[in-house]
Amino acid sequence: MVLLFLLASGAASANESISVCYNYGCTDEAAARFSEPQLRTLAKKLRSARSAAEERKALADVIGQLYYWAGQQTPVYADKGGNVADDAVNGAMDCIDHSTTTTRFLKMLERRKLLRYHEVENVVRRRRFFLFEHFSAMIEERPHPLLAKPADDGILDFWDEVKPHRYVVDSWFVNNGKPAVILPLEDWTDGAGPNLEPSRY
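My aim in this report is to walk through the structure given alongside it, one point at a time. It should be emphasised that the depicted structure is a prediction, and the values quoted were computed from it without experimental measurement.

### Brief notes about unusual backbone geometry
Line of reasoning, step 1. Even without being glycine, Tyr 24 reaches a positive phi, approximately 70 degrees.
Line of reasoning, step 2. Positive phi, close to 60 degrees, is recorded for Lys 113, a residue that is not glycine.
Line of reasoning, step 3. Here Lys 113 lies in the loop between α4 (95–111) and β3 (118–128).
Line of reasoning, step 4. We classify Lys 113 as exposed; its relative accessible area is 68%.

### Structural notes on the pairing of strand β4 (residues 132–141)
Line of reasoning, step 1. Buried residues dominate β4, accounting for seven of its ten residues.
Line of reasoning, step 2. Where β3 meets β4, nine bridges bridge the pair, whose relative direction is antiparallel. Considered in β4, the bridge of Arg 127 is made with Glu 133.
Line of reasoning, step 3. Two elements, β4 and strand β7 (residues 166–170), share four bridges in a ladder whose sense is antiparallel.

### Quick notes on the side chain of Thr 101
Line of reasoning, step 1. Among the structural elements, Thr 101 can be located in helix α4.
Line of reasoning, step 2. What Thr 101 contacts, discounting residues up to four positions off in sequence, is Ser 19, Val 20, Cys 21, Tyr 67 and Met 93.

Rules and cut-offs
Residues numbered from 1 in each chain as written. Predicted model: local features only at pLDDT ≥ 70, side-chain atom pairs only at ≥ 80, totals over all residues. Heavy atoms only, no water. Helix = DSSP H or I, 4+ residues; strand = E, 2+ residues; numbered from the N terminus. Buried < 20%, exposed > 50% of the residue type's maximum accessible area, 1.4 Å probe, protein only. Pairing = 2+ DSSP bridges. Contact = heavy atoms within 4.5 Å.

What follows is the structure, encoded as structure tokens:
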């Protein structure tokens, strides 16, 4: 009996609860709970990645799945891509809601050691036309292991570190439950992304 209780307690503590922002500017928040079986499904997908590029592709799907499950528990099921299609609807999310919540999702995955090729960074901001600001979650590709290079005599006697790259994980562009958009930071900063109304960035 005691063993069953301890096992049950361990399973319960393994669940994750993440606060989800909505109604613009993180005005409202609600807890979304993810069970251990759900998280194991995501872990399997992420662990199947054999490169940073594959992990980013899997991560886009994983973030979308987390939002889908969050939408089954909170008003964010009503969220649509951008800020136009769901304007004033309870549960709508702007880029502040998305960048904050997506970063929380990413940190949960990182805490569970499910990100092998990336590290979670702080929310990043871009500004267009000096008026419109847009925020996104961001990840950085882990530096490659130091690479040995042969000197003139053929002996491996020095190392060269490869510079890491940064990417945005932008779930604001898509409807609830759809894969997040992951872009190189430089491209996103220059305005790259799905063709949504610029005035609402």
